[in-house]
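Spelled out from the first residue to the last, the chains are:
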Amino acid sequence: MKETPTEGREFWRWQEYHRVLSDKSWKNKDIITAGVDVGSVGSKAAIMIDGEVYSWAVMRTGSNSPDSAKKVFDWALEGTGLKPNDIKYTVGTGYGRVNVPMANKAITEIACHAKGANYIWGPSVRTILDVGGQDIKAIHCDETGRVTSFLMNDKCAAGTGRGMEVFADLLQIPIEEIGKVSLSIDEEPAPVSCTCVAFAKTEAIGLLRKGWTKEKVLAAYTRAMAIRMANLVNRVGLEREFVVTGGQSKNTGIVSRVENILGVKTLPMPNWRESGLDPMVAGAAGAALLAKTLYQKSQGN
Amino acid sequence: MITAGIDMGIQTIKVVILKDGEVAARGKAFSGFEPAKAAEQAFEQALKDAKASRAEVSQVLATGSGMDMATNVDGTVSMMGADAKAAVYLFPSARTVIDIGAEEARAVKCDDKGIMMDFVLNERCAAGAGTFIEAMARALEVKLEEMGPLALKAERASPINATCVIFGESDVVTLIHRQEAKPEIARAVFDAMADRVSSMVHRLGITPDVVLVGGVAKDVGFVESLRRKLGVNLLIPENPEYAGALGAALLAASRVKGAQK
């Protein structure tokens with residue numbers, strides 16, 4: 001069997017991309033707004049025309065928040081013919097929201113994710129699990145997408161996207177495949193006992209030495225993280241409909257296990273590559289929607 | 001009478017040979033893939049240094065997180081019990097022992113006889129243990145042993161928000177990008193870790209005198225940060241990483257004496 005070279009490969013690296021929905025046109029529209037969500041790991045920007053997503057971009061956050069905000073904003077505008085001046089109002093959100101230079105206002109990502117989930121899945125959404133790069137949030141909202149309560153864990157990398165990247169690297173499995181790989185096992189193993197990512201790494205190495213397959217180790221780790229997330233959702237109070245946002249919404253291994261533990265199905269994932277409803281962009285979309293409301297208010301209607 | 005204590009740590013194994021209440025020799029080995037074998041080798045080496053044979057050793061007790069893996073021992077003792085015993089042997093005034101190893105941190109309250117009264121553990125989180133410094137040294141591209149001296153050169157505190165090893169790495173990288181000087185970053189790492197340890201110790205309550213043991217007690221940077229954070233004097237023995245093994249050897253001696261009565 002031919003070994004594929006793994007040296008220097010960045011298994012944690014996920015795909016950056018941008019998209020313009022060509023069937024839409026902004027020429028005769030009034031209110032063009034933007035949402036820029038600078039997360040700890042990923043930066044997202046969404047451009048909206050009259051409250052509908054028109055274009056968006058997703059990229060890795062660099063070491064400098066204002067730079068990342070500017071880059072992802074420019075990328076979302078690329079190919080639209082829009083100039084930064086055409087944007088009537090911009091809301092910054094996410095971990096780096098105070099460092100979004102083009103923003104007229106900063107709003108917490110909790111409010112933006114609830115609003116964004118309401119936009120993507122509709123008014124029936126009540127509970128949102130947002131798994132970002134550096135924190136896990138369980139959010140409860142009303143039918144308008146307004147936050148009614150939330151819980152957050154930002155003290156520990158267990159379960160976060162950053163923790164998943166560490167594991168993708170350790171097991172040498174590309175991050176975009178870890179969900180599928182973690183489900184490719186015959187029987188679900190017991191979860192790893194360490195939730196701390198640093199310790200779980202040690203535990204995983206021990207299991208590999210014991211002869212466990214990568215798939216089994218990944219399943220055991222993913223299960224432990226899913227239990228953690230499900231506990232947070234239960235603490236905030238699970239009410240249907242339930243959805244997952246943030247980068248980890250694309251990790252089928254996490255989503256299916258959380259569903260399994262909670263005994264509730266999430267609303268079906270939109271076809272995000274085509275429709276403009278990428279759950280990773282929920283925060284940016286919510287920010288752009290809130291930007292529209294704020295703009296209208298500023299115009300006195 | 002000769003007894004021995006073997007501390008089966010996650011990263012290193014420590015052995016102490018005790019002869020008539022005095023340390024006769026010490027041995028150390030990396031735990032590696034086969035901790036039992038590594039322990040045997042460290043034990044053999046220590047016996048040689050003590051000019052003693054295995055047959056002369058009355059009792060061997062194992063301690064440490066891998067204690068169940070030790071072979072050819074007469075029994076095991078808890079890490080907390082070993083810490084308490086060793087601390088009071090080394091410093092009769094000791095009433096609180098803080099032990100920081102590679103992956104574990106704990107604080108033990110003890111009485112004047114070295115008997116453990118109460119303890120707290122830093123469970124399930126690497127942020128308060130030696131691993132934290134190792135990970136940050138890697139991020140900073142500095143040798144582990146250079147971290148402490150580097151931190152002492154810092155002119156001010158530049159706090160990082162790290163409550164987690166994984167996030168700490170990102171924080172250090174951010175500071176590097178911001179062109180913060182290395183001594184300030186090293187100091188920030190130790191301050192963050194001392195914060196974590198201090199909140200653990202406060203759950204137990206601090207009764208002086210306070211003894212600091214474990215491999216991390218050799219790191220001047222951490223010691224300085226912890227001293228500042230706790231605001232108490234810290235007694236640190238020579239060879240602080242052998243405290244667990246010493247405690248086990250002392251407890252072995254007590255057991256032999258108890259059996260002789």
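Residues numbered from 1 in each chain as written. Chains lettered and ligands numbered in written order. Predicted model: local features only at pLDDT ≥ 70, side-chain atom pairs only at ≥ 80, totals over all residues.

S.K.: What exactly am I supposed to notice about the overall build of chain A here?
M.R.: When helices and strands are counted, chain A shows nine helices and 10 strands. Against the compact-globule benchmark of 19 Å for 301 residues, chain A has a radius of gyration of 19 Å, which places it among compact chains. Judged by the C-alpha coordinates and their principal axes, chain A covers about 65 × 45 × 35 Å. For chain A, contacts bridging at least 24 residues in sequence account for 73% of all contacts bridging at least 6. (Helix = DSSP H or I, 4+ residues; strand = E, 2+ residues; numbered from the N terminus. Rg over C-alpha atoms; globule rule 2.2 N^0.38 Å. Contact = placed C-beta atoms within 7 Å.)

S.K.: For this particular structure, what's the right way to read the domain arrangement of chain B?
M.R.: For an interface, size is often stated in terms of accessible area lost upon the parts coming together. All names here are of chain B. When cut into domains, chain B gives domain 1 (1-91 + 238-261) and domain 2 (92-236). The C-alpha-based centres of domain 1 and domain 2 are spaced at 26 Å. Each partner contributes residues to the interface: domain 1 has 19 residues there, and domain 2 has 28 residues. In terms of residues, the side of domain 1 that touches domain 2 owes the most to one element, helix H2 (residues 79-90), which gives 11 residues. Across the side of domain 1 that touches domain 2, the residue classes tally to 12 nonpolar, four polar and three charged. (Domains from an automatic or database assignment. Nonpolar A, V, L, I, M, F, W, Y, C, P; charged D, E, K, R; others polar.)

S.K.: How do you make sense of the domain arrangement of chain A when you look at a structure like this?
M.R.: Residue and element names in this part refer to chain A. If you check the domain split of chain A, you get domain 1 (17-121 + 279-298) and domain 2 (151-262). Between domain 1 and domain 2, the C-alpha centre-to-centre distance is 29 Å. Counting residues at the interface gives nine residues for domain 1, matched by 10 residues for domain 2. Looking at the side of domain 1 that touches domain 2 residue by residue, the classes come out as six nonpolar, three polar and no charged.

S.K.: Would you take a moment to explain the sheet that holds strand E5 (residues 75-76) of chain B for this structure?
M.R.: Sheet strands pair by backbone hydrogen bonding; their relative direction is either parallel or antiparallel. All names here are of chain B. Across the sheet, five strands lie side by side as E3-E2-E1-E4-E5; this open sheet has mixed pairing. At either margin of the open sheet sits one strand with a lone partner, and together these are strand E3 (22-30) and E5. Pairing analysis gives eight bridges linking strand E2 (residues 12-19) to E3, with the strands arranged antiparallel. Bridge pairing in E3 places Val-16 opposite Arg-26. (Pairing = 2+ DSSP bridges.)

S.K.: Would you mind going over the packing of helix H4 (residues 144-152) of chain B against helix H7 (residues 220-230) of chain B with me for this structure?
M.R.: How two helices pack is summed up by the angle between their axes together with the distance between the axes. Residue and element names in this part refer to chain B. At a closest axis distance of 6 Å, the pairing of H4 and H7 adopts a crossing angle of 45°. Relative to H7, the element H4 lies oblique. Of the residues in H7, those touching H4 at Met-147, Gly-148, Pro-149, Ala-151 and Leu-152 are Val-220, Gly-221, Phe-222 and Glu-224. For the contact of H4 with H7, a count of residues per class yields six nonpolar, two polar and one charged. (Axes fitted to C-alpha atoms, helices over the stretch in contact; angles between N-to-C directions. Parallel < 35°, antiparallel > 145°, perpendicular 65-115°, else oblique.)

S.K.: What's the story with the interface of chain A and chain B in this structure? I'm lost.
M.R.: Taken together, the contacts link 15 residues of chain A with 14 residues of chain B. The residue inventory of the side of chain A that touches chain B, partitioned by class, reads eight nonpolar, five polar and two charged.

S.K.: Please explain helix H9 (residues 282-298) of chain A as it appears in this structure.
M.R.: At 3.6 residues per turn, the α-helix brings residues three or four places apart onto the same side. Residues and elements named next belong to chain A. Between the first and last C-alpha of H9 there are 24 Å, a value that for 17 residues agrees with the 24 Å anticipated at 1.5 Å per step. Of all 17 residues in H9, 12 are buried, a share of seventy percent or more. Within H9 the residues assigned to the buried category are Ala-282, Gly-283, Ala-284, Ala-285, Gly-286, Ala-287, Ala-288, Leu-289, Leu-290, Ala-291, Lys-292 and Tyr-295. Structurally, H9 contributes buried residues whose contacts are with strand E2 (32-38), strand E3 (42-49), strand E4 (52-60), strand E5 (89-93), helix H2 (109-121) and strand E10 (242-245). A positive backbone phi angle near 80° is found at Gly-300, which sits one or two residues after H9. (Expected span 1.5 Å × (residues − 1). Buried ≥ 20, exposed ≤ 12 C-beta atoms within 10 Å, placed from the backbone.)

S.K.: Would you explain unusual backbone geometry in this entry?
M.R.: Excluding glycine, residues mostly carry a negative phi; peptide bonds, for their part, are mostly trans. Here the amide bond leading from Arg-240 of chain A into Glu-241 of chain A is cis, since omega sits at 5°, within 30 degrees of zero. Inspection of the secondary structure puts Glu-241 of chain A in the loop between helix H6 (214-236) and E10. For the bond running from Pro-208 of chain B to Asp-209 of chain B, omega is 0°, close enough to zero to count as cis. Take Asp-209 of chain B: it is sitting in the loop between helix H6 (182-204) and strand E9 (210-213). Positive phi, close to 55°, is recorded for Glu-141 of chain B, a residue that is not glycine. Of note, Glu-141 of chain B is situated in the loop between helix H3 (130-140) and H4. Of the residues examined, Glu-141 of chain B has 8 C-beta atoms within 10 Å and is grouped as exposed.

S.K.: I would appreciate a short explanation of the sheet that holds strand E7 (residues 105-110) of chain B in the present structure.
M.R.: Residue and element names in this part refer to chain B. Overall, mixed pairing links the five strands, which are arranged E8-E7-E6-E9-E10 in an open sheet. The open sheet has two edge strands, strand E8 (116-121) and strand E10 (234-235), and neither has a second partner. Bridging between strand E6 (residues 96-100) and E7 involves five bridges; their strand directions are antiparallel. In the strand pairing of E7, Thr-96 is matched with Lys-109.

S.K.: Where do I start with the nonpolar core in this structure?
M.R.: Burial of nonpolar side chains together is a common tendency in soluble globular proteins. Ranked by internal contacts, the top residues of the largest apolar core, which has 184 residues, are Val-36, Ala-46 and Ala-288 of chain A together with Ala-4, Ile-6 and Ala-87 of chain B. The dominant element in this core, judged by the number of residues it contributes, is H6 of chain A, at 11 residues. Excluding residues within four positions of it along the chain, Ala-288 of chain A makes contact with Thr-33, Ala-34, Gly-35, Ala-46, Ile-47, Met-48 and Val-91 of chain A. (Core = buried A, V, L, I, M, F, W, Y, C linked by C-beta atoms within 7 Å.)

S.K.: Got a minute to help me understand the environment of Val-192 of chain A in this structure?
M.R.: Residue and element names in this part refer to chain A. Among the secondary structure elements, Val-192 is positioned in the loop between helix H4 (178-183) and helix H5 (197-209). Val-192 gets classed as buried once you count the C-beta atoms within 10 Å, which come to 21. Separated by 112 residues in the primary sequence, Val-192 and Thr-80 have C-alpha atoms spaced 47 Å apart. Discounting chain neighbours no more than four positions away, the residues touching Val-192 are Ala-200, Glu-203, Ala-204, Ala-220, Tyr-221 and Ala-224.

S.K.: Please clarify how the confidence of the model for chain B should be interpreted in this entry.
M.R.: Any region with low pLDDT has predicted coordinates that should not be read closely. Summing up the model confidence of chain B, the mean pLDDT is 93 and the portion of residues at 70 or higher is 99%. Interface scoring of the predicted complex returns ipTM 0.74; its pTM is 0.79. (pLDDT = per-residue confidence, 0-100.)

S.K.: Would you take a moment to explain the pairing of E2 of chain B for this structure?
M.R.: For a regular strand, the rule is simple: side chains alternate between the two faces of the sheet. Residues and elements named next belong to chain B. Most of E2 is tucked away, with seven of its eight residues classed as buried. A loop of three residues connects strand E1 (residues 2-8) with E2, the two strands running antiparallel in sequence. The hairpin formed by E2 and E3 contains two residues between the paired strands, and Asp-20 there has a positive phi angle of roughly 50°.

S.K.: Before we go on, may I ask you to explain the pairing of strand E9 (residues 147-153) of chain A in this structure?
M.R.: Residue and element names in this part refer to chain A. Two strands pair when backbone bridges link them, and strand E8 (residues 136-141) and E9 are joined in this way by six bridges, in the antiparallel orientation. Bridged to Ala-138 within E9 is Leu-151. From the end of E8 to the start of E9, which pair antiparallel, there are five residues, and Gly-145 there has a positive phi angle of about 85°.

S.K.: I would appreciate a short explanation of the environment of Leu-175 of chain B in the present structure.
M.R.: All names here are of chain B. One can find Leu-175 in helix H5 (residues 165-177). A count of 21 C-beta atoms within 10 Å places Leu-175 in the buried class. For Leu-175 and Gly-66, which are 109 residues apart along the polypeptide, the C-alpha to C-alpha distance reads 37 Å. Ignoring anything within four residues of it in the chain, the contact list for Leu-175 reads Ser-158, Ile-160, Glu-180, Ile-185 and Ala-188.

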